[in-house]
Amino acid sequence: MDIERTIDPEVIFGPIYPFMLDESIEEIWINSPQRIFIARKGKSELTNLILTEMQVKELVDRALMWSGRRLDLSNPFVDARLPDGSRLHVTIPEITAEHWAVNIRKHIAQSLTLDQLCNLGLLEKTMVDFLIEAIKRGKNIIVSGGTQAGKTTLLNALASEIPYSQRVITIEEVFEIAPRLPDIIQLQTRPANLQGDGEINLRRLVKESLRMRPNRIIIGEVREAEALDLLIALNSGLPGMGTIHANSARDAVLKLQTLPLLAGSNISHSFTVQTVASAIDLVVQVSLGLDGSRRVVEISALSGRTENLHIEIESLWIWDGNSYREEIGLTSYRQQLGLTSFATELTR
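Residues numbered from 1 in each chain as written. Predicted model: local features only at pLDDT ≥ 70, side-chain atom pairs only at ≥ 80, totals over all residues. Heavy atoms only, no water.

1. Things to note about the overall build of the chain
Tallying secondary structure elements over the chain gives 13 helices and 15 strands in all. The C-alpha atoms of the chain give a radius of gyration of 21 Å, which matches the 20 Å a tight globule of 348 residues would have. Overall size of the chain, expressed as C-alpha extent along the three principal axes, is 60 × 45 × 40 Å. Counting every position in the chain, which comprises 348 residues, the buried fraction comes to 50%. (Helix = DSSP H or I, 4+ residues; strand = E, 2+ residues; numbered from the N terminus. Rg over C-alpha atoms; globule rule 2.2 N^0.38 Å. Buried < 20%, exposed > 50% of the residue type's maximum accessible area, 1.4 Å probe, protein only.)

2. Here we look at the packing of helix α10 (residues 249-258) against helix α11 (residues 269-279)
Across the interface, α10 lies against α11 with an axial gap of 8 Å and an inter-helix angle of 130°. What the angle tells us is that α10 and α11 run oblique. When you trace α10 past α11, the crossing you get is right-handed. Of the residues in α11, those in contact with V253, L256 and Q257 of α10 are H269, T272, V273 and V276. Its residues placed into classes, the contact of α10 with α11 shows four nonpolar, three polar and no charged. (Axes fitted to C-alpha atoms, helices over the stretch in contact; angles between N-to-C directions. Parallel < 35°, antiparallel > 145°, perpendicular 65-115°, else oblique. Left-handed = near helix turned anticlockwise from the far one by under 90°. Contact = heavy atoms within 4.5 Å. Nonpolar A, V, L, I, M, F, W, Y, C, P; charged D, E, K, R; others polar.)

3. Re unusual backbone geometry
A cis amide bond, omega 15°, links P93 with the succeeding residue E94. Here E94 lies in the loop between β5 (87-91) and β6 (101-105). Even without glycine at this site, Q148 takes up a positive phi of about 65°. Mapping Q148 onto the fold places it in the loop between β7 (141-145) and α7 (151-159).

4. Side note on the nonpolar core
With 37 residues, the main nonpolar core has L123, L154, L158, M241, L282, V296 and L316 as its most contacted residues. Elements represented by at least two residues in this core include exactly α5 (114-119), α6 (125-136), β7, α7, β12 (282-288), β13 (294-307), β14 (310-319) and α12 (328-336). Sorting elements by how many residues they give to this core places α6 first, with seven residues. If we skip the residues at most four places from it in the chain, L123 touches L114, L117, C118, V128, L131, V296 and Y324. Residues L259, V273, V276 and I313 belong to the second largest nonpolar core, which totals 33 residues. (Core = buried A, V, L, I, M, F, W, Y, C linked by side-chain atoms within 4.5 Å.)

5. Brief notes about the packing of aromatic side chains
Counting across every chain of the model gives three aromatic pairs. The ring of W319 carries R295 above its face, with NZ or CZ at 3.8 Å from the centroid. (Phe/Tyr/Trp six-rings, centres within 6.5 Å; stacked < 30°, edge-to-face > 60°. Lys NZ or Arg CZ within 6 Å of the ring centre and 35° of its normal.)

6. Brief notes about the pairing of β5
Most of β5 sits out of view: four of its five residues are buried. The sheet contact formed by strand β4 (residues 77-81) and β5 spans five bridges and is antiparallel. Counted as the bridge partner of F77 is T91 from β5. Between β4 and β5, which pair antiparallel and follow one another directly, the connecting turn spans five residues, one of which, G85, has a positive phi of 95°. Sheet analysis places β5 next to β6, joined by five bridges and oriented antiparallel. (Pairing = 2+ DSSP bridges.)

7. Examining the sheet that holds β5
In space, the six strands of this open sheet follow the order β3-β2-β1-β6-β5-β4, with antiparallel pairing throughout. Of all strands in the sheet, those bounded by a partner on one side alone are β3 (43-46) and β4. Strand after strand, the sheet turns through a mean of 15° between neighbouring axes, direction not considered. Where strand β1 (residues 25-32) and strand β2 (residues 35-40) come together, six bridges link them in antiparallel fashion. Looking across to β2, one finds that I28 is bridged to I38. Here helix α4 (residues 53-67) sits on the sheet and contacts β1, β4, β5 and β6; the angle it forms with β4, its principal contact strand, is near 55°.

Put into structure tokens, the structure is as follows:
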């Protein structure tokens, strides 16, 4: 019997179900049974909902029953996907001081197109056209930014522009990316069982994905040593995309040079610098403003050149706080891609 059909969302979410129905709410988190917050348009609000400790635990138990993931003293963290596509994260004492910490990041706006994001003010039409053309030409794109800046939403929109003739493999800790493509396989990590066996990490999934005849691979978030496997795959001529936490496009590039070093002492910094320089083409930086607005604040390109272990990176667009400023690097990058006529179209 299909578990997803037999479990009523109202039963799973219980007292927080009205928050799940409210499309304006992006995230719900429980600091304690008496302090439950929601986020709207990037801003947090304290609700007047009060639960009991038992209600919080029962809510988590019902959600995890569907996901098949476990939470106990030996495994005090859990990251799981909920039936509606939302993402659940829970941490329990003694990792937390007293109460269960619960976060539910709702599955909202994951299916927005680049044009729709443009209409919402995330970026401009000229940038949309440029990124679509770069995707068609197989350029490797990293979306960077802080938590809740809109990285996954933008990545999903970018991935949806991949030509329909291509086979795409997505790799994530928890399913979030769902581009509208006909030929797609989604892979998700798996934690170890009670005996400590059976773990499937992102590095393993990247390696396995290469045996599945992909035309592109997409990693939901690059955090650790899997950066090495991603870079090696991209350097083999396989186009791809991913997200990374970073404060700027340059910081994202520096982080991509550092993370592969976690794979082992035999990985040198000089190797990672050259690999990143040749593997990554574009970095799109998104930011969450103080007013809750999300925006692409920079698009930068890597030329592929390095000097004294420093990667050459050029800004193409920068948000100056009021409008977008086209940088000198944009003209040269368009010429490099053979987009002279395309550039003419954009400047009309």
